[in-house]
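Listed below are the residues making up each chain.
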Amino acid sequence: ALCLVAASSALAQQNGSVNVADLAAVPVCSNNKGEQVEFSSSDRGRPGLAAGMAIRDASGKPVVLRSNFAAAPREFQQFIDRHECAHHQTGDVDRPHPARNGPDHLMNESISDCVAIRLLRDEEGFGKPSFGKVAAALRADMAKIGFPESSIASRIRNLSGCFANPASADDLITQVLRQRGLQVP
């Protein structure tokens, strides 16, 4: 069923008939400096793969770029939004970007995953069925991109541990900001 959702969504995008009703609502997000994060949609990424990117735009505003969201189940769209928002909340966007797939980069991704899944659990009421949809979509997309099974399994184990941990996303964000010597809202 997941493959059919991605395939039919990708076909709809190619035909220019993406239904806005298929997209998850944009969450409210502020960075660690109290600035409102804007969300912008684009279909420029890989067809059939939903993705997000946390950046500052040319004018310096904090932004999350959403790509091909109709290619993913709503729960996974929500996860991507919160994950990218977490990069703003933990100050990642304003720090030098670590080497891709190096330990600091992987730690930033793990923290953002953890913040995202805890926000969805605590604020959106995600239970095990919704967590399962996120994990399945993440597994499928990472496999399509070519990640090894060991990387996929490790990321899903981290998500599962974060989901099961009763601590809040706000507690984790505060801890990370303090460790980094960054402003705590």
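> Hey, could you go over the packing of helix H3 (residues 103-123) against helix H5 (residues 149-164) for me, with residue numbers and the actual values?
Look at H3 against H5: their axes get within 9 Å of each other, and the N-to-C directions meet at 45°. The angle between the axes of H3 and H5 places the two elements in the oblique class. Viewed along their axes, H3 and H5 form a crossing whose handedness is right-handed. Side by side, H3 and H5 meet where Ser-110, Asp-113, Cys-114, Ile-117, Arg-118 and Arg-121 of the first sit next to Arg-155, Asn-158, Leu-159, Cys-162, Phe-163 and Ala-164 of the second. Split by residue class, the contact of H3 with H5 holds 6 nonpolar, 2 polar and 4 charged.

> Help me get a handle on the nonpolar core, residues and values and all.
Of all hydrophobic cores here, the largest spans 31 residues; its most connected members are Phe-76, Phe-79, Val-115, Ile-117, Val-134 and Leu-159. Within the residue set of this core, elements represented by two or more residues are helix H2 (74-89), H3, helix H4 (128-145), H5 and helix H6 (169-180). No other element matches H3, which puts 7 residues into this core. Apart from the residues within four sequence positions on either side, Ile-117 is in contact with Phe-79, Phe-131, Val-134, Leu-159, Cys-162 and Phe-163. Of all hydrophobic cores here, the second largest spans 5 residues; its members include Val-37, Phe-39, Val-64 and Cys-85.

What counts, and where the lines are drawn
Residues numbered from 1 in each chain as written. Predicted model: local features only at pLDDT ≥ 70, side-chain atom pairs only at ≥ 80, totals over all residues. Heavy atoms only, no water. Axes fitted to C-alpha atoms, helices over the stretch in contact; angles between N-to-C directions. Helix = DSSP H or I, 4+ residues; strand = E, 2+ residues; numbered from the N terminus. Parallel < 35°, antiparallel > 145°, perpendicular 65-115°, else oblique. Left-handed = near helix turned anticlockwise from the far one by under 90°. Contact = heavy atoms within 4.5 Å. Nonpolar A, V, L, I, M, F, W, Y, C, P; charged D, E, K, R; others polar. Core = buried A, V, L, I, M, F, W, Y, C linked by side-chain atoms within 4.5 Å. Buried < 20%, exposed > 50% of the residue type's maximum accessible area, 1.4 Å probe, protein only.

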